[in-house]
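# Summary of structural features
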Amino acid sequence: MDGNDKLKMILGRLLQAIPSIIGIVIVTFVLTRALPGDPAVYFAGPAADEKSIQEIRVSLGLDKSWPEQFWIYITDLATGNLGVSVSTGLPVAEELTRRLPASLELTFLALLFSLAVALPLGVAAATRPNTWVDQLCRVVVTAGVSLPVFFTGLFMVYLFYYILGVAPPPLGRLDIIFLSPPPITNFYTIDALLDGDFETFGAALAQLILPAITLGIFTLAPLARMTRAAMLQVLSSDFIRTARASGLRRSTVLYVYAFRNALLPILTTLGMVFSFMLGSNVLVEKVFAWPGIGSFAIEALIVSDYAAVQGFVLAMAILYVLLNLTIDIAYTLIDPRVGLDG
Amino acid sequence: MREFLKHLKYILTENPVTLFAGALFVLLVLAALFGPFLVPYDPMQSNSALSLKPPSLDHWFGTDQLGRDVFSRIIVATRLDLAIAVSAVAISFVIGSLLGSLAGFYGGWADRLVGRMTDTIMAFPLFVLAMGIVAAMGNTVENIVYATAIINLPFYARVSRTEVNIRRSADFVLAARLAGNSSLRLLAMHIYPNTLPPLMVQVSLNMGWAILNAAGLSFIGLGVRPPTAEWGIMVAEGAGFIVSGEWWLALFPGAALMLAVFTFNLLGDGLRDLIDPRRRT
Amino acid sequence: MRRRDFLKTMGIAAGASTIPFLKFMPAEAAGRDGTLVVVTGNGPNSMDIQRKGTNRPSYQIAVNLYDRLVGYSTKKLENGTLMYDYTSLEPEAAESWTIAPDGKSITFKMRKGATFWDGTPITAQDVKWSFDRAVSLGGFPTVQMKAGSLEKPEQFEAVDDETFVIKLLRPSKLTLPDLGVPVPIIFNSTLAKKNATADDPWATEYLHRTPAGGGAFMLERWDPGQQTVYKRFDGWKNGTLPGVERVIIRQVPSASTRRALLERGDADVSLDLPPKDFAELSASGKFSISGVPIENSMTAIGLNLNFEPFANKLVRQAIAYSVPYDQIFKQAAFERGIPMWGGKSKTPATIEWPQPFPYDTDYDKAKDLLKEAGYANGFDVPLSFNLGLAQWSEPMSLLLQESLGKVGVNVTIDKIPGANWRTAALVEKKLPMHIKNFGGWLNYPDYYSFWVYEKGRLFNSMNYDNPKVQELTNATLHMEVDNPEYAPKIKELIGIFFDDVPLIPVYQPYLDVAMQKDVTGYKYYAHRQLDCRLFTKVTS
């Protein structure tokens with residue numbers, strides 16, 4: 001396939017995503033309007049009278065009919081305006097650009113942790129199927145996926161911070177005495193490194209460890225299982241037998257030939273796990289006071305902050321589409337046999 | 001059938017973990033059926049003299065803020081939690097697999113419609129979608145079930161679409177078609193039953209997930225309404241007491257929750273072995 | 001550690017100054033001598049208290065970053081806690097004030113030499129602009145100003161730079177105290193006007209993000225949803241310079257984490273903990289816990305008169321006799337409050353408010369009353385509480401459910417999420433039975449009655465309507481307390497509340513604040529915000 005075909009494929013994929021995005025926009029709009037409670041009343045403040053509630057309602061555009069509100073929302077969207085979050089008082093776009101890196105940084109590290117544990121476990125289990133190693137691996141990863149993340153998180157805070165005192169206080173992205181590094185990527189660890197400031201890097205990393213492990217533990221299972229399955233399949237294939245028969249070293253066979261060929265299904269799972277994590281770290285963020293988009297979404301939903309909920313869902317959906325696209329592209333790069341149409 | 005039993009026996013003896021999971025499952029079902037008759041205390045009865053007592057011989061798992069017996073509450077909650085899991089999964093299984101098989105069988109616009117619908121749901125951050133549904137419709141058990149069912153739907157639709165699609169032109173289907181069976185009959189009698197095994201694996205995995213989902217909703221205050229005993233809400237409320245030293249409030253319901261999810265997940269693995277030994281993962 | 005330009009590091013400019021700072025908070029911040037670390041559940045959503053949609057935590061900005069004309073002086077409670085004294089005002093931006101002999105105006109003299117953060121002198125014109133703004137913007141600030149009979153711009157006059165006059169519409173005991181609440185703050189009007197536009201003459205967009213004042217603290221940074229950092233304004237003239245140089249207010253959503261942070265010594269002050277934690281921290285003796293009964297407030301059960309059975313006074317009294325007061329007080333409130341039940345007489349002896357109502361847990365009496373009212377077999381009723389207050393409302397509801405069951409009243413419990421609570425409880429007033437915790441900023445029974453018992457008022461979620469209450473409230477609302485007519489009328493009013501019980505008080509809650517032992521200077525206000533100006537940290 002040449003570059004032109006690839007471009008076509010990417011465009012095709014993006015076009016395919018359009019109906020989903022439209023669906024998301026409509027469903028989110030209806031869902032937020034179906035939330036009980038009147039945001040105007042909530043945000044009018046404690047001693048508001050009927051008049052001031054009405055003023056708020058007008059200023060939020062809630063006095064208009066649903067179709068009108070929807071039209072306003074759509075036209076705003078078209079100009080890239082996501083509206084203003086009433087609960088934080090800032091434009092939703094600004095909130096998202098500040099909070100998304102926080103969530104992404106956490107998710108990436110969690111994924112890294114998860115991969116570091118799950119891949120060796122999966123390989124070990126696949127090379128010794130149905131032995132105690134295999135069973136142990138199975139029980140361990142299943143246990144990880146069986147606990148609610150907020151429970152694991154709170155328990156880790158209790159143990160490592162409160163009792164042992166080895167973890168830094170669960171105060172979000174940086175401990176109190178540190179200031180955030182000059183914003184370039186808004187990933188604190190990377191920004192600190194770019195700034196050559198290792199102390200802040202260490203501090204940012206230390207804050208990340210507990211929430212990342214909490215999140216990572218929950219995603220061990222799919223990754224380890226897929227690794228095991230893919231490896232088993234590859235190991236029983238002809239070319240591995242040939243490689244073995246031709247006297248290559250065991251580790252070479254395992255890591256160079258087998259593992260590389262097992263990568264494809266692992267990559268697919270990785271994509272699924274990543275999007276699942278981004279959506280599910282809402283609870284972890286709440287436990288660790290993490291200023292990410294998840295905690296923002298929870299608060300927004302509880303107080304019926306329409307613009308914030310809509311902006312959050314839309315951002316997540318677009319991320320999801322882009323992620324899938326990336327995986328597809330990665331696929332074609334790794335394996336030229338993968339076809340064009342989806 | 002004999003063949004199947006033999007295979008079952010083989011799986012169970014070959015794989016002690018699956019045997020263990022089977023035993024746990026039986027235990028859970030027994031607790032759900034007979035639990036309310038067996039518990040030592042009324043799970044709703046408060047007792048001001050006994051508030052926040054640590055585990056003892058009288059109260060094996062201690063008591064909560066209102067002096068209610070935690071052990072009794074955990075046992076009684078089994079029924080509700082299993083009910084939530086079973087009904088949520090049943091709904092998404094039935095609707096999802098129906099939509100999926102129709103899409104896979106007929107193709108064309110039906111396929112596209114179902115495909116776009118599942119894409120849309122999948123593109124949502126799932127937990128937030130569940131939150132939104134429960135917040136909009138009110139936090140009752142039924143709504144938690146519906147929300148969980150909706151976010152699980154795409155998985156079933158996708159799996160059954162693929163399975164039906166593969167079998168649409170399989171030899172035995174062609175043979176049945178030649179024998180004069182109508183399309184719908186073909187789908188219902190010949191193709192659909194064959195898609196069930198891979199779906200069953202998904203079912204057992206999702207049961208655990210449904211319970212966790214309900215627990216997560218409880219944690220942000222959108223769980224079942226008090227004073228109902230439910231594991232998720234007990235862990236969520238107990239979590240606030242960990243730092244102050246009343247660890248039993250979160251630990252025991254947490255353990256029950258974990259045990260149930262664990263059982264379902266292991267069972268799912270075992271089921272997969274049973275259906276197709278080569279696909280075991 | 002290397003010295004760095006603090007402002008550059010932060011990426012936001014908090015002021016015109018470019019003081020060199022460390023990349024970290026100053027060295028001593030590690031030991032944190034001059035820095036006060038506060039952890040709280042919610043943070044501000046605006047720097048402007050007068051903006052539409054500003055939340056309650058934002059009031060702390062008005063308290064600490066801005067000056068008012070007057071402040072409340074301080075009294076010491078028996079337990080050593082400082083408390084504001086609303087009966088006695090002290091100068092803040094105004095050096096002195098005099099009430100005209102005819103009682104129709106108040107003249108304030110501005111303090112000489114006091115400036116805003118940017119060095120501009122604070123003048124009477126600034127006060128005039130700020131007050132005009134408060135009464136013109138509508139919404140909360142306008143309503144709050146109105147409570148003090150401050151209603152229109154024509155009432156305010158800047159005679160010269162140092163003289164500001166308020167013309168009174170009517171003599172009211174509420175006018176002067178209303179100047180000490182967080183709302184009537186003084187903006188740097190020169191700076192604000194520079195940032196105003198034709199569409200936005202009151203510079204709401206600018207002041208929303210950028211405070212422009214002259215208070216004891218300046219804003220060092222505001223990361224919405226995460227933290228607010230104040231830095232002391234060393235040129236502050238309107239009071240004693242604060243004892244701490246910097247205040248870091250971090251938002252930590254989980255209450256148990258907030259407790260852990262205090263116990264581990266990572267936080268100096270911890271707010272919004274459940275009553276249980278305050279009770280335990282207090283018992284441990286390792287922290288200083290300041291528990292002040294919240295003035296003019298009570299945790300109560302509201303009975304909606306639109307709900308058929310509750311229209312009957314006898315039924316309301318029956319409910320009041322079946323509340324498990326003692327159990328709620330111990331198991332839900334952990335005794336962090338003052339009991340409001342078991343009053344001795346059906347006629348109030350004093351004008352104290354709130355005071356114990358003449359009810360106690362007495363199921364037999366309750367059953368008799370229900371029988372008399374024709375509800376011998378009881379009825380079904382939903383009981384609602386605000387999800388945000390579940391920490392104590394939920395156990396309270398469960399205990400109520402159990403004990404009302406004993407007299408045949410079958411209760412189902414509804415948790416209502418934040419946004420819906422105000423709509424359902426206060427605006428639509430459709431909750432048959434609900435848990436309330438209203439508190440009035442101005443500490444008078446008539447003020448409470450005005451907001452809660454008067455027909456049609458926002459906080460009258462009970463749909464209570466009694467013409468006599470209306471009459472007595474209107475008669476006493478602006479009346480001076482030493483007026484000989486005041487006490488008898490208030491007693492009559494409270495007597496009606498006792499007898500009619502649309503609202504069943506259970507206890508008057510404490511406002512609890514947990515602090516490290518070396519932190520002193522906490523002062524309680526009706527607005528319940530931290531006044532960081534008085535805090536000091538003693539180095540041990």
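Residues numbered from 1 in each chain as written. Chains lettered and ligands numbered in written order. Predicted model: local features only at pLDDT ≥ 70, side-chain atom pairs only at ≥ 80, totals over all residues. Heavy atoms only, no water.

Another aspect to go through is the overall build of chain B. For chain B, the helix and strand inventory stands at 10 helices and zero strands. What you see in chain B, going N to C, is helices and strands ordered as α-α-α-α-α-α-α-α-α-α. Taking all 281 residues of chain B together, the buried fraction comes to 57%. Considering only contacts within chain B whose residues lie at least 6 apart along the sequence, 71% involve residues at least 24 apart. (Helix = DSSP H or I, 4+ residues; strand = E, 2+ residues; numbered from the N terminus. Buried < 20%, exposed > 50% of the residue type's maximum accessible area, 1.4 Å probe, protein only. Contact = heavy atoms within 4.5 Å.)

The subject of this paragraph is the interface of chain C and chain A. Taken together, the 55 residues of chain C in the interface contact 57 residues of chain A. In total, about 4,600 Å² of surface goes out of reach between chain C and chain A, with carbon and sulfur atoms giving 59% of it. The interface formed by chain C and chain A contains one salt bridge. There are 11 residue pairs in polar contact (both at pLDDT 80 or more) connecting chain C and chain A. Residue composition of the side of chain C that touches chain A, by class: 26 nonpolar, 17 polar and 12 charged. (Buried area = accessible area lost by both parts, 1.4 Å probe. Salt bridge = Lys/Arg side-chain N within 4 Å of Asp/Glu carboxyl O. Polar contact = N/O pair within 3.5 Å; in protein donor to acceptor, adjacent residues only side chain to side chain. Nonpolar A, V, L, I, M, F, W, Y, C, P; charged D, E, K, R; others polar.)

Taken residue by residue, the interface counts 26 residues in chain B and 21 residues in chain C. Our enumeration of links across chain B and chain C arrives at two salt bridges. The interface formed by chain B and chain C holds seven residue pairs in polar contact (both at pLDDT 80 or more) in total. When grouped by side-chain class, the residues that make up the side of chain B that touches chain C number 11 nonpolar, 11 polar and four charged.

Moving on, we come to the pattern of salt bridges. Counting across every chain of the model gives 37 salt bridges over all chains. The closest approach of N and O atoms between C:D277 and C:R259, which form a salt bridge, is 2.5 Å. Of this pair, C:D277 sits in helix α10 (residues 275-284) while C:R259 sits in helix α9 (residues 255-263), and the two are 18 residues apart along the sequence. Accessibility expressed as a relative area gives 6% for C:R259, which makes it buried. In the salt-bridge network here, residues are joined through shared partners; they are B:E246, C:R259, C:E263, C:K276, C:D277 and C:E280.

Before going further, it helps to examine the pairing of strand β8 (residues 156-160) of chain C. Residues and elements named next belong to chain C. Here β8 pairs with strand β9 (residues 163-167) via four bridges, running antiparallel. Counted as the bridge partner of A158 is F164 from β9. If you look at the hairpin formed by β8 and β9, you'll find two residues sitting between the two strands. (Pairing = 2+ DSSP bridges.)

Once that is clear, we can look at a nonpolar patch on the surface. Residues and elements named next belong to chain A. Taken together, the side chains of L15, I18, I22, I26, V30 and W66 present a nonpolar region at the surface, about 560 Å² in accessible area. Ranked by residue count, the leading element in the nonpolar patch is helix α1 (residues 3-34), at five residues. Structurally, I18 can be placed in helix α1. Assessed through its relative accessible area of 42%, I18 is described here as partly exposed. (Patch = residues over 30% accessible without salt bridge, like charges linked within 9 Å, V, L, I, M, F, W, Y side chains within 5 Å. Areas by Shrake-Rupley, 256 points an atom, 1.4 Å probe, with all protein chains shown as cover.)

A few words now on the packing of helix α3 (residues 70-106) of chain B against helix α6 (residues 141-167) of chain B. Two elements in contact, α3(B) and α6(B), have axes whose closest approach is 5 Å; the angle formed by their N-to-C orientations is 35°. You can see that α3(B) and α6(B) cross each other, and the crossing is right-handed. (Axes fitted to C-alpha atoms, helices over the stretch in contact; angles between N-to-C directions. Left-handed = near helix turned anticlockwise from the far one by under 90°.)

On to the sheet that holds strand β4 (residues 70-76) of chain C, then. Residue and element names in this part refer to chain C. Strand order across the open sheet formed by three strands is β4-β5-β22, with mixed pairing between neighbours. The two strands at the open ends of the sheet, each matched to only one other strand, are β4 and β22 (523-524). Pairing analysis gives two bridges linking strand β5 (residues 82-91) to β22, with the strands arranged parallel. Bridged to M83 within β22 is Y524.

This next bit is on helix α3 (residues 50-59) of chain A. Taken together, the buried positions of α3(A) are A:S52, A:I53, A:I56 and A:R57. Looking straight down α3(A), one finds its buried side chains confined to an arc of 145°; they lie on one side. Across from the buried face of α3(A), at angles greater than 90 degrees, the exposed residues are A:K51 and A:S59. Residues of α3(A) that are buried in the fold lie against α2 (39-43) of chain A together with α15 (418-427) of chain C. (Arc of directions from axis to C-beta.)

Moving on, we get to the pairing of strand β20 (residues 503-516) of chain C. Residue and element names in this part refer to chain C. Of all 14 residues in β20, 13 are buried, a share of seventy percent or more. Two strands pair when backbone bridges link them, and strand β13 (residues 269-270) and β20 are joined in this way by two bridges, in the antiparallel orientation. Its bridge partner lying in β20, S270 is registered against A514. Inspection of the sheet shows strand β14 (residues 287-293) paired to β20 by seven bridges, in the antiparallel sense. Bridge pairing in β20 links S290 to V513. As judged from the four bridges shared by strand β15 (residues 299-303) and β20, these two strands associate in the antiparallel manner.

Residue and element names in this part refer to chain A. Along the chain, the position of Q310 falls in helix α13 (residues 306-334). Taking relative accessible area as the criterion, Q310 reaches 4% and is therefore assigned buried. Here Q310 is in contact with T28, F29, T32, R33 and Y73, once residues within four sequence places are set aside.

Looking now at the nonpolar core. Grouped together as the largest cluster of nonpolar side chains are 159 residues, with contacts concentrated most on C:L69, C:F108, C:I319, C:F379 and C:Y453. Residues from two domains meet in this core; each of domain 1 (27-248 + 516-537) and domain 2 (299-509) of chain C gives at least three. Excluding anything up to four places from it in sequence, C:I319 contacts C:L303, C:F310, C:F379, C:L404, C:V409, C:M433 and C:I504. One finds A:L106, B:L82, B:V89 and B:I144 within the second-largest nonpolar core, a separate group that totals 148 residues. (Core = buried A, V, L, I, M, F, W, Y, C linked by side-chain atoms within 4.5 Å. Domains from an automatic or database assignment.)

Moving on: unusual backbone geometry. Residue C:P354 is reached from C:W353 by a cis peptide bond, and omega for that bond is -5°. With respect to the helices and strands, C:P354 occurs in the loop between β16 (337-339) and α13 (363-372). A positive phi is found at A:S304, a non-glycine position, where the angle reads about 55°. In this structure, C:F334 is a non-glycine residue whose phi angle is positive, near 50°. Mapped onto the fold, C:F334 is located in the loop between α12 (325-331) and β16. With a relative accessible area of 17%, C:F334 lands in the buried category.

Let us now look at a negative patch on the surface. A cluster of acidic side chains, namely C:E95, C:D160, C:D161 and C:E162, defines a negative patch on the protein surface. The topology assignment puts C:E162 in the loop between β8 and β9. (Lys, Arg positive; Asp, Glu negative; His and termini not counted. Charge placed at Lys NZ, Arg CZ, Asp CG, Glu CD.)

Of the residues in chain A, 95% have a pLDDT of 70 or more, and the chain-wide mean is 83. Between residues 338-342 of chain A, whose pLDDT stays under 50, and residues either more than four places distant or in other chains, the model counts six contacts. (pLDDT = per-residue confidence, 0-100.)

Once that is clear, we can look at the side chain of B:S97. All names here are of chain B. Checked against the element boundaries, S97 lands in helix α3. A relative accessible area of 0% means that S97 is categorised as buried. Separated by 2.7 Å, the side chain of S97 and the backbone oxygen of F93 make a polar contact. Setting aside chain neighbours within four positions, we find S97 in contact with S92, Y156, S160, Y192 and L199.

All names here are of chain C. Enumeration over the complete set of coordinates arrives at 55 aromatic pairs over all chains. A ring pair is formed by Y66 and F187, whose centres lie 5.1 Å apart and whose planes are at 70°; its orientation type is edge-to-face. Here the residue Y66 occupies a position in the loop between α3 (59-65) and β4, and F187 occupies one in the loop between α6 (175-178) and α7 (189-194), the gap between them amounting to 121 residues. For the pair shown, Y66 and F187 are each scored as buried. Aromatic rings pair up to connect W353, F357, F438, Y447, Y448, F450, W451, Y453, F459, Y464, F497 and F498 into one cluster. When the ring centre of Y359 is taken as reference, the NZ or CZ atom of K346 above it lies at 5.7 Å. (Phe/Tyr/Trp six-rings, centres within 6.5 Å; stacked < 30°, edge-to-face > 60°. Lys NZ or Arg CZ within 6 Å of the ring centre and 35° of its normal.)

With respect to the helices and strands, the residue A:S146 is situated in helix α6 (residues 132-146). Linking A:S146 and A:I327, residues 181 residues apart in sequence, is a C-alpha distance of 28 Å. Those residues within four positions of A:S146 in sequence are excluded, and the remaining contacts are B:L212, B:L257, B:M258, B:V261, B:F262 and B:N265. At 2.6 Å, the side chain of A:S146 forms a polar contact with the backbone oxygen of A:T142.

Turning next to helix α5 (residues 126-137) of chain B. Residues and elements named next belong to chain B. Helix length check: α5, at 12 residues, gives a terminal C-alpha distance of 17 Å against a target of 16 Å (1.5 Å per residue), a fit within 8%. Within α5, 11 of the 12 residues are buried, leaving the element largely enclosed by the surrounding structure. Inspection of α5 places L126, F127, V128, L129, A130, M131, G132, I133, V134, A135 and A136 among the buried residues, and these make up the whole buried set. Immediately downstream of α5, the backbone of G138 shows phi near 100°, a positive value. (Expected span 1.5 Å × (residues − 1).)

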